[in-house]
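Structural characterization, general
What follows is the residue order along each chain.
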Amino acid sequence: MTEVLLIVASYIIGSFPTSQVAARMGGGIDLREHGSKNVGATNLYRVLGLRYAVPAGLVDVAKGTLPVAFLPRVAGVTEAWFPVAVGVAAVLGHVFSIFLKFRGGKGVATAAGAILALTPKAMGLSAIVWVIALAGTGYMSLASMLGAVAFPIAVRVTEPENRLLFGLGLVLALFILFTHRSNIRRLWTGTENRIWRRREA
């Protein structure tokens, strides 16, 4: 019972709409009505700039890292499945926020935070792919998808015997591709915006 309650708690933590709150406090706007209308840090950056996007992005990462790092200790659970379930719950909360009628961001930052707590080495390799892709193309969406796809490969390289994390990596990669389906369409049609192009609110 404790495990279930803590998984629900992780979902609620992940649901906290960081960028929407930052947009309300910093610009008095509803982020769902500006830019790409996504309530993630990338859209917050395009609308209000780095001053708001960087702190919001860091909080989104923490929404994944902190539950995975600390809730298993609170529950006293040592089984490998529990921190994975906690991380998945946080990501689902970010994407399907209970505070925004089950709308949310794309899940990348919170997933990265959860992965950082679960397997830092694999996260490091995925981050390298993300940085190279972002620097080379300027597309945050493409970099995020490539970083997500690189994660299960990184797990196979760093922890080849860990089937649970490899399975999680495959699921997360497919999920991130799903949440970026509109970006994939824009990339295909050549209408996707590069990260340095901003839209003022």
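This section reports on the structure supplied with the text. Since the structure is predicted, the reported quantities are computational estimates derived from the model, not experimental observations.

A closer look at the overall build of the protein
When its secondary structure is counted, the protein shows 10 helices and zero strands. Walking the protein from its N terminus toward its C terminus, one meets helices and strands in the order α-α-α-α-α-α-α-α-α-α. Against the 2.2 N^0.38 benchmark of 17 Å for 201 residues, the protein shows a C-alpha radius of gyration of 16 Å, consistent with a compact globule. Overall, the protein is about 50 × 35 × 25 Å in size when its C-alpha atoms are taken along their principal axes. Counting over 201 residues, the protein shows a buried share of 46%. In the protein, the proportion of contacts linking residues at least 24 apart, taken out of those at least 6 apart, comes to 66%. Accessible surface, the protein: about 10300 Å² in total, of which carbon and sulfur atoms supply 68%.

What about the environment of Tyr 45?
Counting through the fold element by element, Tyr 45 comes out in helix 3 (residues 41-48). Counting along the chain gives 22 residues from Tyr 45 to Ala 23, while the straight-line C-alpha distance between them is 9.9 Å.

Some thoughts on helix 2 (residues 18-27)
Since the α-helix turns once every 3.6 residues, residues separated by three or four places project in the same direction. Every buried residue belonging to helix 2 is among Thr 18, Ser 19, Gln 20, Ala 22 and Ala 23, and all of these are buried. The elements touched by buried residues of helix 2 are helix 3 and helix 4 (50-75). Looking one or two places after helix 2, you find Gly 28, whose phi comes out positive at around 65 degrees.

Overview of helix 4
Taking 1.5 Å of rise per residue, 26 residues should cover 38 Å, and helix 4 covers 37 Å from first to last C-alpha, within 8% of that figure. Maximal helix bending in helix 4 amounts to about 30 degrees, located at Pro 67. Taken together, the buried positions of helix 4 are occupied by Ala 53, Ala 56, Gly 57, Asp 60, Lys 63, Gly 64, Thr 65, Pro 67, Val 68, Leu 71 and Pro 72. Looking at the packing, one finds that the buried side of helix 4 touches helix 1 (2-15), helix 2, helix 3, helix 5 (81-95) and helix 6 (108-118). Phi turns positive, to about 70 degrees, at Gly 76, one or two residues after helix 4.

A short note on the packing of aromatic side chains
The tally for this structure, following the rule as stated, stands at two aromatic pairs. With a centroid separation of 5.5 Å and an interplanar angle of 85 degrees, the aromatic rings of Trp 81 and Phe 82 are classed as edge-to-face. Judged by its relative accessible area of 0%, Phe 82 falls in the buried class. In this structure, Arg 156 is placed above the aromatic ring of Phe 166, and the distance from its NZ or CZ to the ring centre is 4.9 Å.

Parameters and conventions
Residues numbered from 1 in each chain as written. Predicted model: local features only at pLDDT ≥ 70, side-chain atom pairs only at ≥ 80, totals over all residues. Heavy atoms only, no water. Helix = DSSP H or I, 4+ residues; strand = E, 2+ residues; numbered from the N terminus. Rg over C-alpha atoms; globule rule 2.2 N^0.38 Å. Buried < 20%, exposed > 50% of the residue type's maximum accessible area, 1.4 Å probe, protein only. Contact = heavy atoms within 4.5 Å. Areas by Shrake-Rupley, 256 points an atom, 1.4 Å probe, with all protein chains shown as cover. Expected span 1.5 Å × (residues − 1). Bend = angle between axes of the 7 residues up to and from the residue. Phe/Tyr/Trp six-rings, centres within 6.5 Å; stacked < 30°, edge-to-face > 60°. Lys NZ or Arg CZ within 6 Å of the ring centre and 35° of its normal.

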